[in-house]
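Fold and geometry: a report
The chain contents come next:
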Amino acid sequence: MAKKPNRSAPALPASLSAELRGNIAIVTLKRPHKRNALDDTTVLGLQSFFAALPKDIKAVVLNGEGQHFSAGLDLTELTERNTAEGVEHSASWHRAFQHIEFGKAPVVAVLHGAVVGGGLELAAAAHVRVAESSAYYALPEGSRGIYVGGGGSVRLPRLIGVARMMDMMLTGRTYSAEEGLAMGLTTYLVEAGKGLAKGVELAQRIAGNTELTNFAIMHALPRIAEMAPGSGFAMEALIASIAQADPEAKGRLKDFLEKRAPKVTRS
Ligand code: 1HE
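Residues numbered from 1 in each chain as written. Predicted model: local features only at pLDDT ≥ 70, side-chain atom pairs only at ≥ 80, totals over all residues. Heavy atoms only, no water.

**Here's the deal with the environment of Ser133**
Counting through the fold element by element, Ser133 comes out in the loop between strand E6 (128–132) and strand E7 (136–138). Between the C-alpha atom of Ser133 and that of Ser176, which follows or precedes it by 43 residues, the distance is 7.7 Å. Excluding anything up to four places from it in sequence, Ser133 contacts Ala177, Leu189, Val190, Glu191 and Ala192. (Helix = DSSP H or I, 4+ residues; strand = E, 2+ residues; numbered from the N terminus. Contact = heavy atoms within 4.5 Å.)

**So, the site of the ligand**
Around the ligand there are 23 residues in total, and Lys34, Ala71, Leu73, Gly118 and Arg144 lie nearest to it. Contacts to the ligand include Lys34, whose side-chain N or O atom sits 2.7 Å from an oxygen atom. One nitrogen or oxygen atom from the side chain of His68 is found 3.2 Å from an oxygen atom belonging to the ligand. Protein contact buries 66% of the 1,000 Å² of open area that the ligand shows by itself. Residue assignment for the shell around the ligand shows that the elements contributing at least two residues are strand E5 (114–116), helix H3 (118–125) and helix H4 (141–144). Class assignment of the residues belonging to the shell around the ligand gives a composition of 10 nonpolar, seven polar and six charged. (Near = heavy atom within 4 Å. Polar contact = N/O pair within 3.5 Å; in protein donor to acceptor, adjacent residues only side chain to side chain. Areas by Shrake-Rupley, 256 points an atom, 1.4 Å probe, with all protein chains shown as cover. Nonpolar A, V, L, I, M, F, W, Y, C, P; charged D, E, K, R; others polar.)

**Some words on the sheet that holds strand E3 (residues 59–64)**
Sheet architecture is open: six strands sit in the order E1-E2-E3-E4-E6-E9, paired in mixed fashion. The open sheet is flanked by strand E1 (16–21) and strand E9 (188–190), the only strands paired with a single partner. Strand-to-strand, the axes of this sheet are offset by a mean angle of 20°, without reference to chain direction. Sheet analysis places strand E2 (residues 24–29) next to E3, joined by six bridges and oriented parallel. Bridged to Ala25 within E3 is Val60. (Pairing = 2+ DSSP bridges. Axes fitted to C-alpha atoms, helices over the stretch in contact; angles between N-to-C directions.)

**Looking at the sheet that holds E5**
The sheet built from three strands is open, its strands ordered E5-E7-E8 with mixed pairing. Of all strands in the sheet, those bounded by a partner on one side alone are E5 and strand E8 (175–176). Of the strand pairs in this sheet, E5 and E7 are connected by three bridges, and their pairing is parallel. Within the sheet, the bridge partner assigned to Val116 lies in E7 and is Ala138. The strands touched by H3 within the sheet are E5 and E7, with E5 carrying the most contacts at an inclination of about 85°.

**What to know about the packing of aromatic side chains**
Describing an aromatic ring pair means giving the distance of the ring centres and the angle of the ring planes. Under the definition given, this model contains two aromatic pairs. Ring geometry for Phe49 against Phe50: centres 5.4 Å apart, planes inclined by 90°, an arrangement best described as edge-to-face. As far as burial versus exposure is concerned, Phe49 and Phe50 are alike and both buried. Ring centres of Trp93 and Phe97 lie 5.3 Å apart, and the angle between their planes is 55°; on these two criteria the pair is classed as tilted. (Phe/Tyr/Trp six-rings, centres within 6.5 Å; stacked < 30°, edge-to-face > 60°. Buried < 20%, exposed > 50% of the residue type's maximum accessible area, 1.4 Å probe, protein only.)

By themselves, these figures tell us nothing about what the structure is for.
Here you go:
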C-alpha cells in the first residue's frame, strides 16, 4: 500500500493516487504500463477511496496517467476464474462503481485515449465526462468472448440506448470523443492536454453548490427518472420542497434577489 495522500483520505494501492486540493479530490489511475487496465486491487482501491471520501471533499476528478484512460478489465486476471468466481468478480465491480455513482460527491471523469470495456463502464459511473480529442470509446467484449460486468448493461443504455450499445458490442464499433458528444458519452469535448484543467474547473463549480442540492441531483434524480410519472412527480415535489427549506438555499435566493449573486449569463 502506498502512503496516504494527506488529510484523512484512505490509503491507496500503487495503481491509484489521490490529491486533495481544497474541497476537491483528484484521483488518478496509475498503471500506464498496462494502459490502466483495471485489476482487482485497483477496483478495490477505488471502492475504498470513494467509500471513505474525506468529509470536506465536495467533488472528485477521476483521470488516468499515460496515453489512455483505461484499457478496461485486466484480462490476465480473467483466465483462471470459474463461474461462481466470475459472478463475485462482477459483483465486486458493481459495489465499487456504486460507490462512485451513488457516493458522497459528484465525480467528473477526464478521458483520453482508450476508454474501452470496463474503462467505459467506469466512465459511465461518473456524473460528468470531459473527453480530450484523443479519447475513443469501445466495448470489445463481444470479440473477446466475454460480456460487460461493471454495470455497463445498466448504465450505458441510459446514456446511449440499447441499440447503440448492442452495435458496439456486436461489431466492435468505436466512437471518437467528438462523436460521443452527440451520443451522450462525452459531456464536454476539449483539446488534447486540456482535460484535467477543465475537469478541475467543473469539479470546483460543482463543489460550490449546496450539499443538499448535489445530494438530490446525484441520488434522487436518477431514481425519479425511472419512476412512473405519478410517483415521480410526487417524489420531485417532496425533494423540491426539502431543498428550498434549507437555510443555505434561502440565503442564496436572498443573495440573488438583493443583487449579490451573479446572473445566469452565457459565457
Ligand atoms: C493489458 C490490457 C488489458 C493492455 N488487460 N493487460 N480490454 C481490451 O480488450 C483492450 C485491450 N487493450 C488494447 O486494445 C490496447 O492495449 C490499447 C488500445 C488499450 C492500448 O494499446 P497500446 O499499443 O498503447 O498498448 P499495448 O502494447 O497493447 O499494451 C501495453 C501493455 O498493457 C501490454 O502488456 P506488456 O506486458 O506486453 O507490456 C498489454 O498486454 C497490456 N494491456 N490492455 C491486461 N485490458 C468487468 S468486465 C469488463 C470487460 C472488459 O473490460 S473487456 C475489454 C478488455
